[in-house]
Amino acid sequence: MSASTPVISSQNRPLQLALVGNPNTGKTTLFNALTGLRQRIGNYPGITVAMATGTVFLDKQAAYLTDLPGTYSLAASSPDEKIVHDYINGNIPNTAKPDVLICVVDSTNLNKNLYLACQLAEHGIPVVIALSFWDSALRQKTQLQTDLLSKRLGVPVVPVNVVRNEGIAELKHAILHAHNCSSLMHRMQWEPEMAAAIDDFRSELKKAQIAVNAAEAYRLIFDSTMPTLPGINSQAPELKTALERCRSRIRKAGFHPHTVEAVLYHRHIAELTDGVIVQKDSRIIRRGESIDRLLTHRFWGMLIFAVFMYVVFQSVYSWSAPFMDLIDFLKGGLQGIAASGLEGHPQLQSLVTDGVIEGVGAFLIFLPQILILFFFISLLEETGYMARAAFLMDRMFSWAGLSGKSFVPLLSSFACAIPGILATRTIEDRKSRLITIFIAPLMSCSARLPVYVLLIGALIEPRYGPFVAGLTLFAIHILGILVALPTAWILHKILRRTPSKPFIIEMPDYQVPKLRNLIWRMWSEGREFVYRAGTVIFVITILIWALLYYPRPDTVEPQTLVRVQSEFVEQGLSEAEFTAQLEEEDSEVAQEFSRQLDAAYINQSYLSRFGKAVQPVFDLAGFDWRISVGILASFPAREVIVSTMGVIFSLGGEVDESSPNLRAAMHQATWADGHRAGQPLFTIPVAFAIMVFFALCQQCGSTLAVIRSEANTFWAVLSFTFMTTLAWITSILTYQGLSWIMS
């Protein structure tokens, strides 16, 4: 039999394994150890909960292993818990029911972790218990009688130390044994009154032709909110009647229906672990406990956290710069090669250079930031510090409905919203995660900086000096935060029907990070970004290119030629000299003609026509059609406005935010028509209105693509609509208010 021959389940398909466990039990680390690089990331159908699936070899035979979200119980009060419940019951479309469950149990917290294992026993699926943090238990002078525990549970119990690769082979052997021998975990014996009530409940449902298995019946009886079960109408009168009768019997037996499960399971677990846990020295102080007192201190903990975040932020912002410059350099090189090779085919040349290569470069340029960010996130998680940081920040963010884990994504968004949004995957609570995703683009990312530098350098600094210029730059960065927190609070109130999970977090032991896991996380997150977001970004870029390129009427070039020729003749150049210089590519005449031709084509493009059509909408903010076109062209990426303005003012697309020519052109620009005809176009109120618009507007196609992939289309549309409307209103208020003050 070859190495890739799959293990066949009783259903005559490859063996399907599932990794289940509480959060922070080392489940994902164990998954990586079992599967190596044979993994793929995906979402469950209909809901954005990431899962990883990989191949694990059992006695040289392949089986498929799925890493389910961490959960404390199967009471489905959150999307993650519902996914775990549905997956184990085989209710996920196009996904096989698992043949073996590998329950990861923290050796240092055995009693609490066995609660989930006991619930798994009710599903009638073979179970293997993997004892993680075995080395931590030994350091705490704690010994676990694994043979005794295995005998009482009825399933294999295997200690593992992933860092040292200890116990992995034994675990694989136990999985195969559990499958071949159908090792079912012993179920808890319910109290006689409870058992009778549950049996009668299922009998009544069976008579009403409502089929549920034992595990589903427990969820219907014990959960405070009615679970959604496939094929079962939760509003059916027969179900409600049977449920009320069952719960009434449980109350008469002296139990509360919503708490009896926990009470009886914990009593059962206490019996299971009696004599299993041997604590040699009860006075032993957990390693890292003294460090915890420092890292979670109200003052020192915050100070250390601020230093850590500064290092992370600077790393994402600064370390990525050379790699981003390299990608930009390579992109420019490819564009130059393509332009030379396609000379004589202007349409195809523009499509390849400005559309295809620019589109690919538009998302690849973010890759260094994403890789560096996830390296640090993985480092913080692997060492155990992330849990401490989340605990610290939860005190500051909880009033707005945010989790303590929201801080890192929001901080990262100051560099770029894309890695910031991807970083929200560490937030377990779905509502907090959605709110964080929604407000992350309000953080002033680095793409906005060229716009601020251009306007402040051209209009604010020359008039008010460097101090006011610096203060303006600081204030415009703070604006996003001032808007984001109230927005989060409002969303928190709107989404209050979605129950929030209380912020419960365990402080895992400090661990030495495993380099292999750090690299794997960087690789998987980067690959997923390129695959999922890159395609959408590419399409958006091609679309904007087409709107700026077409139409190309034949009359534009000769009309531009006549205009440029007349300008040079007026300056004293003869027609013969003009014609001769026009043939020289690097001459002033040829370059001026090229710049004015680009501006003329943009002036009559579909995007320009649209900009002129919607200009009345921006008129109240003091924007003419040229600024409006610059804003519209910037929706794929904000920094595009600088080069677009350069083309519109006939300076070429190579100008940057510090270009003296562009600043001079902005100073000289006036309104061409309307009631402001002849007045300066760029004034102090207009400059502030543009900066406020860019600070609050959702002008990044890449960010929208990532929001869509991480949340769904609704949240992407809502983000675009809310931020764009907010930016439009606030830019009008800014312009009108400053114009009134300065009049």
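Residues numbered from 1 in each chain as written. Predicted model: local features only at pLDDT ≥ 70, side-chain atom pairs only at ≥ 80, totals over all residues. Heavy atoms only, no water.

Asks: Is there a simple way to explain the overall build of the protein in this structure?
Replies: Of regular secondary structure, the protein possesses 31 helices and nine strands. Considering the protein as a whole, with its 743 residues, one finds that 52% of them fall into the buried category. For the protein, restricting intrachain contacts to residue pairs at least 6 apart in sequence, the fraction spanning at least 24 positions comes to 74%. Summed over its atoms, the accessible surface of the protein is roughly 33,700 Å², and 60% of this surface lies on carbon and sulfur atoms. (Helix = DSSP H or I, 4+ residues; strand = E, 2+ residues; numbered from the N terminus. Buried < 20%, exposed > 50% of the residue type's maximum accessible area, 1.4 Å probe, protein only. Contact = heavy atoms within 4.5 Å. Areas by Shrake-Rupley, 256 points an atom, 1.4 Å probe, with all protein chains shown as cover.)

Asks: Please clarify how helix α25 (residues 606-619) should be interpreted in this entry.
Replies: One turn of the α-helix equals 3.6 residues, which is why residues spaced by three or four share an orientation. With 14 residues, α25 should reach 20 Å at 1.5 Å per residue; the first-to-last C-alpha distance of 20 Å fits that figure. Most pronounced at A613, the bend in α25 amounts to some 45°, and the proline P616 follows within four residues. All buried positions along α25 are accounted for by L607, S608, G611, V614, Q615, F618 and D619. (Expected span 1.5 Å × (residues − 1). Bend = angle between axes of the 7 residues up to and from the residue.)

Asks: Is there a simple way to think about the nonpolar core in this case?
Replies: Among soluble globular proteins, nonpolar side chains are generally buried collectively. Core analysis: the biggest nonpolar cluster contains 100 residues, and L455, F623, I627, F682 and I690 have the highest contact counts within it. In terms of residues, this core owes the most to one element, helix α29 (residues 684-696), which gives eleven residues. Core analysis: the second largest hydrophobic core is formed by 58 residues, V127, I198, V212 and L220 among them. (Core = buried A, V, L, I, M, F, W, Y, C linked by side-chain atoms within 4.5 Å.)

Asks: How should the packing of aromatic side chains be read in this particular structure?
Replies: Each aromatic ring pair is summarised here by two numbers: the centre-to-centre distance and the angle between the ring planes. Summed over the entire model, instances satisfying the criterion amount to 18 aromatic pairs. Their ring planes at 80° and their centres at 5.0 Å tell us that Y549 and Y550 sit as a pair that is edge-to-face. Taking the relative accessible area as the measure of exposure, Y549 reaches 8% and is therefore buried. With relative accessibility at 25%, the residue Y550 sits in the partly exposed group. The interplanar angle of 75° and the centroid separation of 5.9 Å between the aromatic rings of F618 and F693 together place this pair among those described as edge-to-face. Of the two residues, F618 is situated in helix α25 and F693 in helix α29; the sequence distance between them amounts to 75 residues. Take F693: its relative accessible area is 1%, and that puts it in the buried class. (Phe/Tyr/Trp six-rings, centres within 6.5 Å; stacked < 30°, edge-to-face > 60°.)

Asks: I would appreciate a short explanation of a nonpolar patch on the surface in the present structure.
Replies: Taken together, L294, F299, W300, L303, V307, F308, Y310 and V311 make up a surface patch of nonpolar side chains, about 790 Å² in accessible area. One can find Y310 in helix α12 (residues 300-341). (Patch = residues over 30% accessible without salt bridge, like charges linked within 9 Å, V, L, I, M, F, W, Y side chains within 5 Å. Salt bridge = Lys/Arg side-chain N within 4 Å of Asp/Glu carboxyl O.)

Asks: It is not clear to me how the pairing of strand β6 (residues 127-132) should be interpreted in this structure. Could you clarify?
Replies: Across a regular strand the side chains alternate sides, sitting on one face of the sheet and then on the other. Burial within β6 is extensive, with six of its six residues counted as buried. What you see with β6 is no split at all: V127, I129 and L131 on one side and V128, A130 and S132 on the other are buried throughout. Where strand β5 (residues 100-106) and β6 come together, six bridges link them in parallel fashion. Following the sheet pairing, L101 is matched in β6 by V127. Viewed along the sheet, the connection from β5 through helix α3 (residues 110-121) into β6 turns out right-handed. Bridge count for β6 against strand β8 (residues 157-159) is three bridges, and the pairing is parallel. Within the sheet, the bridge partner assigned to I129 lies in β8 and is V157. (Pairing = 2+ DSSP bridges. Right-handed = clockwise from strand over helix to strand, strands pointing away.)

Asks: Explain the state of the cysteines here, please?
Replies: Counted by the stated rule, this structure contains zero disulfides. Free cysteine C103: the closest other cysteine sulfur is in C118, separated by 9.1 Å. (Disulfide = S-S within 2.5 Å.)

Asks: Sorry if this is basic, but what is going on with the pattern of salt bridges here?
Replies: If you walk through the whole model with that rule in mind, you get 14 salt bridges. Residue R219 pairs with E261 through a salt bridge whose shortest N-O separation is 2.8 Å. With a gap of 42 residues between them, R219 in helix α8 (residues 214-222) and E261 in helix α10 (residues 260-272) connect regions that are remote in the sequence. The pair R219 / E261 is uniform in exposure class, with both members buried. In this structure, D292 engages R388 in a salt bridge whose closest nitrogen and oxygen atoms are separated by 2.6 Å. Taken together, the residues span a long stretch of sequence, with D292 in helix α11 (residues 289-295) and R388 in helix α15 (residues 385-397) at a distance of 96 residues. This pair shows no difference in class: D292 is buried, exactly as R388 is.

Asks: Whenever I open this one, the environment of T66 confuses me. Can you help?
Replies: Note on placement: T66 falls in strand β4 (residues 61-67). Of the residues examined, T66 reaches a relative accessible area of 2% and is grouped as buried.

Asks: Where do I start with the side chain of T383 in this structure?
Replies: With respect to the secondary-structure elements, T383 resides in helix α14 (residues 367-383). Within polar-contact distance, the side chain of T383 engages the backbone oxygen of L379 at 2.9 Å. A distance of 3.1 Å separates a polar side-chain atom of T383 from the backbone oxygen of L380. The contacts of T383, once residues within four sequence positions are left out, are D509, Y510, Q511 and P513. (Polar contact = N/O pair within 3.5 Å; in protein donor to acceptor, adjacent residues only side chain to side chain.)

Asks: Any chance you could explain a negative patch on the surface here in plain terms?
Replies: Taken together, E343, E583, E584, E585 and D586 make up a surface patch of like negative charges. Secondary-structure assignment places E585 in the loop between α23 (575-582) and α24 (588-603). (Lys, Arg positive; Asp, Glu negative; His and termini not counted. Charge placed at Lys NZ, Arg CZ, Asp CG, Glu CD.)

Asks: Honestly, the packing of helix α19 (residues 449-464) against α29 in this entry has me stumped. Any pointers?
Replies: The angle between the axes and the distance between the axes are what describe a pair of packed helices. Contact geometry of α19 with α29 gives a least axis separation of 10 Å together with a crossing angle of 155°. By the angle between their directions, the pair α19 and α29 is classed as roughly antiparallel. The chirality of how α19 crosses α29 is left-handed. Contacts between α19 and α29 pair V451, Y452, L455, I456, L459, I460, R463 and Y464 from the former with I684, A687, F688, I690, M691, F694 and A695 from the latter. (Axes fitted to C-alpha atoms, helices over the stretch in contact; angles between N-to-C directions. Parallel < 35°, antiparallel > 145°, perpendicular 65-115°, else oblique. Left-handed = near helix turned anticlockwise from the far one by under 90°.)

Asks: I'm lost on unusual backbone geometry in this one. Help?
Replies: Keep in mind that most residues, glycine aside, have a negative phi and that most peptide bonds are trans. Cis geometry marks the peptide bond from Y550 to P551; its omega dihedral reads -5°. Within the element layout of this structure, P551 appears in the loop between α21 (515-549) and α22 (556-570). The backbone of F133 shows a phi angle near 55°, a positive value even though the residue is not glycine. Relative to the assigned elements, F133 resides in the loop between β6 and α4 (134-139). With a phi close to 50°, S182 is a non-glycine residue in the positive phi region. Structurally, the position occupied by S182 is in the loop between α6 (168-181) and α7 (192-207).

Asks: Before we go on, may I ask you to explain the pairing of strand β1 (residues 16-21) in this structure?
Replies: For β1, the tally of buried residues reaches six of six residues, placing the bulk of the element in the interior. Because side chains alternate across β1, one face comprises the buried residues Q16, A18 and V20, and the other comprises L17, L19 and G21, equally buried. Bridge count between β1 and β4: four bridges; the pairing is parallel. Note on β4: the bridge partner recorded for A18 is T66. Examined bridge by bridge, β1 and β5 share five bridges and lie parallel to one another. Across the sheet, the residue bridging to L17 is V100, located in β5.

Asks: Sorry, what's going on with the packing of α7 against α8 here?
Replies: Two elements in contact, α7 and α8, have axes whose closest approach is 11 Å; the angle formed by their N-to-C orientations is 105°. It follows from the interaxial angle that α7 and α8 lie roughly perpendicular. Across the interface between the two elements, M194, I198, F201, R202 and L205 from α7 touch A214, A217, Y218, L220, I221 and F222 from α8. Along the lines of polarity and charge, the residues of the contact of α7 with α8 split into ten nonpolar, no polar and one charged. (Nonpolar A, V, L, I, M, F, W, Y, C, P; charged D, E, K, R; others polar.)

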